[in-house]
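# Geometric and topological summary
Listed below, chain by chain, are the residues.
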Amino acid sequence: MPLTARNIGSLVIDSLCDRAQEANIAVVGLYCDSLSQQEQTTTNIIEALLKQLVGRAGIPDHLRAAFEKGKEEFGGRGPRLADLMGMLKTVIASLPQVFICLDALDECLPKRFPEILVSLRDILRESPGTRLFLTGRSHACVKEDVQRYFSRAVVIPISPNPNDIRNYVEMRLDRDSKPEAMSNDLRVDIVRVILEKISNV
Amino acid sequence: MCWLSPLEPSNRHQGARTERFDGIRNWLLETSEFREWRYSGGGADKAVLFCSGNPGVGKT
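Before going further, it helps to examine the nonpolar core. All names here are of chain A. By size, the foremost hydrophobic cluster in this structure holds 50 residues, and its most contacted members are Leu-49, Leu-88 and Ile-100. Considering every element that reaches this core, the biggest residue donor is helix H3 (residues 42–57), with 6 residues. Residue contacts for Ile-100: discarding those within four places in its chain leaves Val-28, Gly-29, Leu-49, Leu-120, Thr-130 and Leu-132.

What follows is the structure, given as structure tokens:
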């Protein structure tokens, strides 16, 4: 499906990162993936965000000590969620402003939504300047869950826009490996038929 | 730091960026909702932005 190439999450992350240095912001994020559901625990998500944040500034001694301690216990049990949350909140509070982007939240296991969202809400309560960007399917229960935990969340519906689709199809046709095999009439037909099909979805 | 999270977002981001058709979704960055979220300073009111769409609409 051509529209999968239009990536809202990566667009937002790029637009933030492009100006991160001059704007004095830190940008961290994750792309959730239904193929990695078992790994996408709240603990791993919080860990990944922490890793991105401390990666840029070197690892503070107290974090290193906490992880070393976790490695020793039971032959390598990592820090617990509560420990990680404490560390993440401390790191975020020490920075001017942090943007957290979680893409395709609906690809995590639904039973994990509440814990993930509660953790994110805790971070925002501790550091109210933090900005949270989420994407997810409109038909999944993720939207209701997001609104349950963030009653003031602003929702932007993303729907296929005929102009975007036309531009995308034209771009793909321009990149065709055998352009000589396509007459102008065929090209016009391709664009027209795809737009008709999409408008019927 | 390899004992940290197994989730590796940078690989995925490179893939998503390569697939993206630049310019096609820039309207989002121009919406008042996005701009208020992005530039509202420290206010907690506009802290969360949620983009929802159907499968394959290109939220990533």
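From this point on, the discussion continues.
Another point: the pairing of strand E1 (residues 48–53) of chain B. The element E1 of chain B is largely enclosed, with a buried count of 6 among its 6 residues. Relative to E1 of chain B, strand E3 (residues 131–137) of chain A runs parallel, the two being bridged by 6 bridges. By the bridge assignment for E1 of chain B, Phe-133 of chain A is matched with Leu-49 of chain B. Taken together, the 5 bridges between strand E4 (residues 154–158) of chain A and E1 of chain B define a ladder with parallel strand orientation. Counterpart to Ile-156 of chain A in the pairing with E1 of chain B is Cys-51 of chain B.

The subject of this paragraph is the environment of Leu-109 of chain A. Summarising the element assignment, Leu-109 of chain A is placed in the loop between strand E2 (98–103) and helix H6 (113–126). Put simply, Leu-109 of chain A and Pro-157 of chain A are 48 residues apart on the chain and 22 Å apart in space, counted from C-alpha to C-alpha.

Rules behind the numbers
- Residues numbered from 1 in each chain as written.
- Chains lettered and ligands numbered in written order.
- Predicted model: local features only at pLDDT ≥ 70, side-chain atom pairs only at ≥ 80, totals over all residues.
- Core = buried A, V, L, I, M, F, W, Y, C linked by C-beta atoms within 7 Å.
- Buried ≥ 20, exposed ≤ 12 C-beta atoms within 10 Å, placed from the backbone.
- Helix = DSSP H or I, 4+ residues; strand = E, 2+ residues; numbered from the N terminus.
- Contact = placed C-beta atoms within 7 Å.
- Pairing = 2+ DSSP bridges.

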